[in-house]
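# An overview of the molecular structure
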Amino acid sequence: MARGADTREKLLDTAIDLIWRSSYDGVGVNEICKRAGTTKGGFYHHFETKADLFYAASEHYWEGKQRELNDIFSPTYTPLEQMENLINMIVEKQDVDQYDDNPVAGCPFFTSGSQCSSDEEKVRLAAVKMSDNAVMYNVGLVHALKGSGVLNGDANPEVLGRMLQQFIQGVLIYGRVHRDLDVVKADLREGFCRILDLKQEYRQPVLQAAE
């Protein structure tokens, strides 16, 4: 049983690694098996298709990301500190998730989900689920910022939560195409302030943030 669990874990980690280095369409089952050190029989024991592996790999990746988000959105931080933590995490993960010489890692799950063909619905659904999970945290952040009185106007948390996620992915794609992490760093903060309509006196970086 333990060996089977180890094989499944290895397949998930290998899939994430290869898809990040290439793309969903650019990675085949044979290559995944070779890099994971297992047979195709071992692969099909755990997954019916490559799309099933991709879906499971996205959930596997999200489990780690969720733990990070729970930490940076801890109630021990003020809402402004939580926003600072999120911006810092996005920037820092470009180094953590980097699989090539591009300083901006981006996210292969969203890219693959947007590029998949009509017969790979599970790949698109994996990207949708991950995006919806991220939006949920964004919505909570907007609620907290609104409640603390740092936003102008009557913010709609559900709308702004989606807009933040769309903006984050757009900035990362732009940064990856231009191979420029500095523009990501600069535009993330400015974009957050503008989308959230943060009051002017709260637009400077907060000194305390998650370590």
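The coordinates are above.
The present account deals with the structure reproduced in this document. (Residues numbered from 1 in each chain as written. Predicted model: local features only at pLDDT ≥ 70, side-chain atom pairs only at ≥ 80, totals over all residues. Heavy atoms only, no water.)

## What to know about the packing of helix H7 (residues 121–147) against helix H8 (residues 157–178)
As a packed pair, H7 and H8 sit with axes 8 Å apart at the nearest point and diverge in direction by 125 degrees. The angle between H7 and H8 places the two elements in the oblique class. The two elements H7 and H8 cross, and the hand of that crossing is right-handed. Here Ser131, Ala134, Val135, Asn138, Val139, Val142 and His143 of H7 lie close against H8, whose contacting residues are Pro157, Glu158, Leu160, Gly161, Arg162, Leu164 and Gln165. In the contact of H7 with H8, the residues fall into 7 nonpolar, 5 polar and 2 charged. (Axes fitted to C-alpha atoms, helices over the stretch in contact; angles between N-to-C directions. Helix = DSSP H or I, 4+ residues; strand = E, 2+ residues; numbered from the N terminus. Parallel < 35°, antiparallel > 145°, perpendicular 65-115°, else oblique. Left-handed = near helix turned anticlockwise from the far one by under 90°. Contact = heavy atoms within 4.5 Å. Nonpolar A, V, L, I, M, F, W, Y, C, P; charged D, E, K, R; others polar.)

## Description of the pattern of salt bridges
All chains considered together, the criterion is met by 10 salt bridges. The closest approach of N and O atoms between aspartate 52 and lysine 122, which form a salt bridge, is 2.8 Å. Residue aspartate 52 is found in helix H4 (residues 50–72), and its partner lysine 122 is found in helix H7; the two are separated by 70 residues along the sequence. Assessed through its relative accessible area of 36%, lysine 122 is described here as partly exposed. As a salt-bridge pair, arginine 194 and glutamate 190 come within 2.6 Å of each other at their nearest N and O atoms. In this pair, arginine 194 and glutamate 190 both sit in helix H9 (residues 181–196), 4 residues apart, roughly one turn of the helix. Residue classification places arginine 194 among the exposed residues on the basis of a relative accessible area of 59%. Judged by relative accessible area, glutamate 190 falls into the partly exposed class, the value being 38%. (Salt bridge = Lys/Arg side-chain N within 4 Å of Asp/Glu carboxyl O. Buried < 20%, exposed > 50% of the residue type's maximum accessible area, 1.4 Å probe, protein only.)

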